[in-house]
Structures are given as structure tokens and as C-alpha cells.
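# Remarks on the overall topology
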Amino acid sequence: MTSAEGGRDKGNLIAALGEGAFLLGLERNADVVRQVSYAPLLANIHGRTDWHGMIYFDTTRAFGTVSYYLWKLFAENRPACSVKTEIELVSDKPQSIAGAIGVGTWNTSAEFKDIRLEKDGQVLFQSDFTKDAVGWKTDGGNWSVVDGAYRQSDQAVGLSFFGDESWSDFTLTLKARKLRGAEGFLIAFGRKGEERNWWNIGGWENTEHGIEFNQNGLGRHVPGSIEPDHWYDIRIEIAGRRIRCSLDGKLIHDELASAPNRFFALAGKDPKGDLVIKAINAGAESINATVNVAGGTRISPEARMTVLKSDHSSDNNSLENPTKVLPVTTTIDVGGSSFSHEFPAHSFTILRLGSPVEKSARTAAHE
């Protein structure tokens, strides 16, 4: 397989977790999947950036990306056979779409003004571009305040974000004007970490409008284009997981987003007979789970746990900090075939559960 895209060049933690979810699927179907590979394995730090590599180097240094350590853990914990694994997610109701807001372009130059966010009749945010854009964080493009508007001057993929990741159930309104370029506007909402949720207005070579949610299309595309030098009135209403988008007073989309699956797990037995559980939590919140090992399998009261995680989904290693994200192995108490465990946010966890007899034999040999 080629590497999953994440970040703008060298990948990151969330991209690696996406690759891990894919690898769990391959292990689950190992009877028909014979082998898998990664490309590119080695990459020069100054080379191409459209696909990220596993190991980067320059003339004197090298580092392994998060993807390198994740794939290494999969190789070191390869099962001899899979075990039936069932995941039951319990929730009172799907969480509302929540996160920061943003504006941007795709190979286009545009400007934005009168950005306003309301919830229950109260104003959460109102832009003031009379002087500068305090608090806005840019990601690509050339951003500045010009004549009371927030302008992206380059014909580039450029985004800028603002706000609180807890913002939910709001109405976002703004004005946007295309200056030049191939497409229209990107209006982001529900921004958490590296998540990409936006209304793409005049996208696909300025032929369609569409909602892109969790980097996937949501609902149908609507034909439409954006003309330069016209101030468009844009409105996005978020209510729970419902998204309504209007352009110049006309409702374009009314879609309901299903709650994304961000937790994946699979159990297997290695050649020694140890039960190995692999779990990926790609969400921004930790997950408290009860692990039940059925079928009369007896396990040791202690388990070896390896966790690959970081505080931010966008984190990765680098030449300057090659050990920023590394797996950490510890021993935890499980107390039997049913135990509670917390899987951290943005993490890949391996739980290795040995039988009491096997543990005693290993202890005696060590002593």
C-alpha cells in the first residue's frame, strides 16, 4: 500500500492511525490477503512531499515517522490466528458536531468579512478586521487584513482557523468574495486537530458545491459556480449532527452526518499462545472500555501493554526531534478475563495477555 496522507508532507499521528485501522482489516482477512508493503520506505527530507515516507534522512541524520513505529509494532505482534472480536459502543446519543471554524481556498484567491457565530441568540464570535486577525491560525496561503477583510492573496490551497473546539449547535454567517483562481471558497466547521470538515463552494473546477465531512463526501453535490468580484452571503447551521448550508439566501444542502467510527480493535493469538489485543482510538477523547475474554480462556493477572500516542493528532517525529512520538511498554494489572481499561485519545494500544501457566514458566526460567 502507499502511505496514508496526513499533514502536508511527512505524515503525522492521525495518518498513522488510519494506516493502523487498515492493517487491522488486513489481519481480520488474512485468509485472503497474502502480504502488504509500504511505499516509499526511505525518503530524502528534501524530496517529494505528495506521499509521506516511513523513514526520512538527510546527509547525516535519519528518523522514523510515527508510521514507522506503528508498522514495526504490527510486525512484532503478528498473530498466528485471529480471534472473534466484537465491539459494542455504548452512547446515550451521538455527539454533536463541534469544533472551531475557518475559511479558505483551493487554488484560488479570495477574501472574507463579517464573520459571525451565534448560539441560542447569543453571539459567540464576531470578526473585527479593522486592523489585524488576532487569534486566527493559518495553514497555507498568504493571509492578511486588507480594507476590513481577511484576504488570502495567493492562488493556493490556503486555510485559516479560529475558535473553540467545544463550539457546537451554532449558526455561522459571513461574506466571501473570489478575487481570482480556479475555484471558490472553503468554509470550515467542527475543526478538531487535523480533522477536515468544510463546505466546498464552487469546488471541483468551479462546477459544484458539496459538504466534505471527515475528509469524505456527505450527501449529494449540487451544481454551481462562483463568480469573481461578487460578495456572497454564506450561512451554515449546525444542530446536533444536522448541517444546513445556504448561499445568497438559498438553501443548498440539508444533511445529517452519522457519527464516525473512531475505535477499532482486533484480537489474535501469537505462535506462543498469548492473546494479543490491538486497539486504535483515533478520536480526540479517551475511551473507557470493559474487555471481556470469553471461551474459557485463562489469562495472567498481569499484561504487557505497549502504547503509541501523543498529545496532538498532528504530532510526528523529525530530524530535530526524532523521539517525539515513540511506543512505551509497561506492565498493567488486569485481574482476570474481564477488566476495565482506558484507551487514550489518538493512540494505538497493544495488550499482550499470557496464561498463568505460561507466566509461571517464564518467571521460573528468568529466576
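Rules and cut-offs
- Residues numbered from 1 in each chain as written.
- Predicted model: local features only at pLDDT ≥ 70, side-chain atom pairs only at ≥ 80, totals over all residues.
- Heavy atoms only, no water.
- Helix = DSSP H or I, 4+ residues; strand = E, 2+ residues; numbered from the N terminus.
- Buried < 20%, exposed > 50% of the residue type's maximum accessible area, 1.4 Å probe, protein only.
- Contact = heavy atoms within 4.5 Å.
- Areas by Shrake-Rupley, 256 points an atom, 1.4 Å probe, with all protein chains shown as cover.
- Lys, Arg positive; Asp, Glu negative; His and termini not counted.
- Charge placed at Lys NZ, Arg CZ, Asp CG, Glu CD.
- Pairing = 2+ DSSP bridges.
- Axes fitted to C-alpha atoms, helices over the stretch in contact; angles between N-to-C directions.
- Expected span 1.5 Å × (residues − 1).
- Polar contact = N/O pair within 3.5 Å; in protein donor to acceptor, adjacent residues only side chain to side chain.
- Phe/Tyr/Trp six-rings, centres within 6.5 Å; stacked < 30°, edge-to-face > 60°.
- Lys NZ or Arg CZ within 6 Å of the ring centre and 35° of its normal.
- Core = buried A, V, L, I, M, F, W, Y, C linked by side-chain atoms within 4.5 Å.
- Patch = residues over 30% accessible without salt bridge, like charges linked within 9 Å, V, L, I, M, F, W, Y side chains within 5 Å.
- Salt bridge = Lys/Arg side-chain N within 4 Å of Asp/Glu carboxyl O.

What follows is about the overall build of the protein chain. Helix and strand counts for the protein chain stand at four helices and 24 strands. When the backbone C-alpha atoms are referred to their principal axes, the protein chain occupies close to 80 × 55 × 40 Å. Burial status across the protein chain gives 45% buried among its 367 residues. Partitioning the contacts of the protein chain with sequence separation of at least 6, the portion at a separation of at least 24 is 65%. For the protein chain, the accessible area works out to roughly 18800 Å², and carbon and sulfur atoms hold 47% of it. The average position of the 40 basic charges and that of the 47 acidic charges among the side chains of the protein chain differ by 3 Å.

A few words on the pairing of strand β19 (residues 275-281). Across the seven residues that make up β19, a large majority, seven, are buried. By the bridge criterion, seven bridges tie strand β18 (residues 263-269) to β19 in an arrangement that is antiparallel. By the bridge assignment, Phe263 is partnered in β19 with Asn281. Following β18, the chain reverses through five residues before pairing antiparallel with β19; Gly273 in that reversal takes a positive phi of roughly 100°. Pairing geometry for β19 and strand β24 (residues 347-353), over seven bridges, is antiparallel. By the bridge assignment for β24, Ile280 is matched with Phe348.

Overall, mixed pairing links the three strands, which are arranged β1-β2-β3 in an open sheet. Whereas interior strands pair on both sides, the edge strands pair on one side only; in this sheet they are β1 (42-44) and β3 (62-64). Here the strands of the sheet are splayed against their neighbours by 25° on average, with no regard to which way each runs.

Moving on, we come to the sheet that holds β24. Spatially, six strands are ordered β4-β18-β19-β24-β21-β22 in an open sheet, and the strand pairing comes out antiparallel. Each edge of the sheet is formed by a strand with only one pairing partner; in this case those strands are β4 (81-83) and β22 (328-333). Along the sheet, successive strands turn relative to each other by an average axial angle of 25°, direction set aside. Bridge analysis of strand β21 (residues 302-309) against β22 gives six bridges, and the strand direction is antiparallel. In the sheet register, Ala303 faces β22, and the bridge partner there is Ile332.

Below, the discussion takes up helix α1 (residues 13-28). End to end, α1 covers 23 Å across 16 residues, agreeing with the expected 22 Å (1.5 Å per residue, within 8%). Three or more residues of α1 are buried, namely Leu13, Ala15, Ala16, Leu17, Glu19, Gly20, Leu23, Leu24, Leu26 and Glu27. Residues of α1 that are buried sit in contact with α2 (66-76), β4, β18, β19, β21 and β24. Sitting at the head of α1, Asn12 places a side-chain oxygen 3.4 Å from the backbone nitrogen of Ile14.

Attention shifts here to the packing of aromatic side chains. A full pass over the atoms with the stated rule returns 16 aromatic pairs. Considering the side-chain rings of Trp136 and Tyr150, the 5.4 Å spacing of their centres and the 55° angle between planes classify their relative orientation as tilted. Here Tyr150 lies in strand β9 (residues 149-162) and Trp136 lies in the loop between β6 (122-126) and β7 (137-139), a separation of 14 residues in the sequence. Joined through ring pairs, the aromatic side chains of Phe112, Phe125, Phe129, Trp136, Trp143, Tyr150, Phe162, Trp167, Phe185 and Tyr232 make up one cluster. Here Lys113 stacks its cationic end above the ring of Trp231, 4.3 Å away from the centre of that ring.

All right, on to the nonpolar core then. Among the nonpolar cores identified, the biggest contains 37 residues, and Phe112, Ile115, Phe185, Ile187 and Ile243 are the most heavily contacted of them. Tallying contributions element by element places strand β5 (residues 100-119) first for this core, with six residues. Excluding residues within four positions of it along the chain, Ile115 makes contact with Ile101, Val103, Phe125, Gln126, Ser127, Phe129, Trp136, Leu172, Thr173 and Leu174. Judged by nonpolar contacts, the second largest core, of 22 residues, contains Leu23, Tyr69, Ile280 and Phe348.

Looking now at a nonpolar patch on the surface. There is a patch of nonpolar side chains on the surface, built from Leu41, Leu42 and Phe57 and spanning about 270 Å² of accessible area. Classification of Leu42 by relative accessible area gives exposed; the value is 53%.

The next point concerns the environment of Ala16. Along the chain, Ala16 falls in helix α1. Separated by 52 residues in the primary sequence, Ala16 and Tyr68 place their C-alpha atoms 8.5 Å from one another. Once residues lying within four places of it in the same chain are set aside, the contact partners of Ala16 are Val66, Ser67 and Leu70.

What follows covers α2. Where α2 is concerned, the buried positions are Val66, Ser67, Tyr69, Leu70, Trp71, Leu73 and Phe74. Here the buried face of α2 lies against α1, β3, β19, β21 and β24.

Moving on, we come to the side chain of Ser310. Of note, Ser310 is situated in the loop between β21 and β22. At 2.5 Å, the side chain of Ser310 and the side chain of Asp315 are in polar contact. Here Ser310 is in contact with Leu13, Asp315, Val325, Ala345 and His346, once residues within four sequence places are set aside.

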